Each structure stands twice: as structure tokens, then as C-alpha cells.
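# An overview of the molecular structure
Here is how the chains run, residue by residue.
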Amino acid sequence: MEKANYSCEHALAPFVSTLFNAVTERDDRPVVIVCFGTTAISGDALGPMVGSLLVDKYDVPAFVYGTQENTVNGKNMKDWLSFIKTVHEGALFVAVDASLGKKDKVGEVVIREDGVCPSGVTGKTKRFGDIGILGIVAQNHGDALMQLMTVSPLNVSALADKIAILIKNAV
């Protein structure tokens, strides 16, 4: 599987197909979805929104960490990832996070075969996940934190719902 971009309004089938293929090739490993972010910053709330939707609205058949009530963020990420890797050793890890990108890519979803690099604003960390799903929430220019803080919560919510539906359909 290679890195692929998909607009949420177009090409839903290839996104679901790509993710579904990765999930079905997991050799009966359980699926664990880790949604990174914090609800304190509108643009960074994408991951926790997706996590809450997967648990509360779509009841996906997977373990989900990182919800609006219990976030996996820069402050607690090290402890959470240690716990998750220990408890779910050998699982297929799907990581979800918000990202900044080019202006014409805002609102798109990027799927990666090498996970995500959470906490990009506070400093690069090690990649996490067998599969990475990034929602492009804002344009990448200037101060990244400021960009994430000025994102419309309504746009983030709509993108989160689309990502959650795509994951539900793939898992």
C-alpha cells in the first residue's frame, strides 16, 4: 500500500478499499484505532472527534483509544502508547490525526502505510501505526499552532464524521 490522498467528496470507494485491504490482510489480528489530538484546540480535535464517533455513534468492532472524554495527546501520549502496545501486542494499529497541508488539500483525507507522526506541532515524535489516516484541517503556512487554533470547529466536525464513516465501512 502506498500513500494516497482522497477528497472526502470524491473517491470514497478507493479509500475504503485501501483501508479494507489493509485490515483484511491483518491475519486475524485485532484492530486497534488510536485517535490523536486534544479538544482544547479546534483543529487538533479531529482525532478525538473521530474516536468518539467510532465508539458512540458507529460502534465499530475494534478497540478505540482517544475520544473527546479521554484524549491521547502530547502530554499523555508516551504513557498511552506504552500501554496500548503492551495490551494489544501484535494488533493492527490504525492511527488517526489532524494535519496541515496545501490550501487546495484542506478537507482531504490522506492514508499512509507507515502510520502518523503525532504531536507535529510540539516536535516530531516517532511514527505510530501500521496504517495512518490524516485529515487535512488547515493550510500549512506560518505558525502551525495558530493555524490549528483558527480552524472552524464545524469543518473539523464534518471531516471527523466523514473519516469515522470511512473507517466504519472499512473495518
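In this report, we go over the structure that sits alongside the text. All residue numbers here refer to positions counted from 1 along the written sequence of the relevant chain. For a predicted model such as this one, the threshold for reporting local features is a pLDDT of at least 70, and the threshold for listing and counting side-chain atom pairs is 80 or more; totals across whole chains, interfaces and linings nevertheless cover every residue. To obtain the side-chain values, all non-hydrogen atoms of the structure were included, while hydrogens and water were left out.

## A short note on the environment of Ser52
- Helix numbering and strand numbering both begin at the N terminus, where a helix is a DSSP run of H or I of at least 4 residues and a strand a DSSP run of E of at least 2. The residue Ser52 is located in helix H2 (residues 46–57) in this model.
- Distance from Ser52 to Cys35, taken between C-alpha atoms, is 9.2 Å for residues 17 residues apart in sequence.
- Throughout, a residue-residue contact means that at least one pair of heavy atoms, one from each residue, lies within 4.5 Å. The residues contacting Ser52, other than those within four sequence positions of it, are Lys57, Gly66, Thr67, Gln68 and Glu69.
- At 2.8 Å, the side chain of Ser52 forms a polar contact with the backbone nitrogen of Gln68. We define a polar contact as two N or O atoms separated by no more than 3.5 Å, with the added condition that, inside protein, one atom must be a possible hydrogen donor and the other a possible acceptor, whereas residues neighbouring each other in sequence contribute only through side-chain atom pairs.

## Overview of helix H5 (residues 153–170)
- Expected span of a helix: the number of residues minus one, times 1.5 Å. Between its terminal C-alpha atoms H5 stretches 25 Å, which fits the 26 Å expected from 18 residues at 1.5 Å a residue.
- The buried label applies to any residue whose accessible area, calculated with a 1.4 Å probe on protein chains only, is under 20% of its type's maximum; exposed applies above 50%, and partly exposed to all values in between. Along H5, the residues that are buried comprise Val156, Leu159, Ala160, Ile163, Ala164, Leu166, Ile167 and Ala170. Around the axis of H5, the buried residues are gathered within 160° of arc, so they sit on the same side. For this quantity, the arc is that covered by the directions from the helix axis to the C-beta atoms.

## Comments concerning the packing of aromatic side chains
- Classification of ring pairs rests on two measures: the distance between centres of Phe, Tyr or Trp rings, Trp counted by its six-membered ring, which must be within 6.5 Å, and the angle between planes, read as stacked under 30 degrees, edge-to-face over 60 and tilted in between. In the structure shown here, the tally under the stated rule is 5 aromatic pairs.
- When the ring of Phe36 is compared with that of Phe128, the centres are 5.9 Å apart and the planes differ by 80°; the resulting orientation is edge-to-face. Of this pair, Phe36 sits in the loop between strand E2 (31–35) and H2 while Phe128 sits in the loop between strand E5 (108–112) and strand E6 (131–139); the two residues are 92 residues apart in sequence, bridging distant segments of the chain.
- Taking the relative accessible area as the measure of exposure, Phe36 reaches 2% and is therefore buried.
- Taken together, a centroid distance of 5.9 Å and an interplanar angle of 80° make the contact between Trp80 and Phe83 edge-to-face. Of this pair, Trp80 and Phe83 both sit in helix H3 (residues 77–87), 3 residues apart, which is roughly one turn of the helix.
- An aromatic cluster is built from Phe36, Phe93 and Phe128, whose rings are joined through pairwise contacts.

## Some points on the pairing of E6
- Taking burial as the measure, the 9 residues of E6 include 8 buried ones, the bulk of the element.
- Here 8 bridges tie strand E4 (residues 92–101) to E6, and the two strands are oriented parallel to one another. Its bridge partner being in E6, Leu100 is matched across the sheet by Ala138. Strand pairing requires that DSSP identify at least two bridges connecting the strands.

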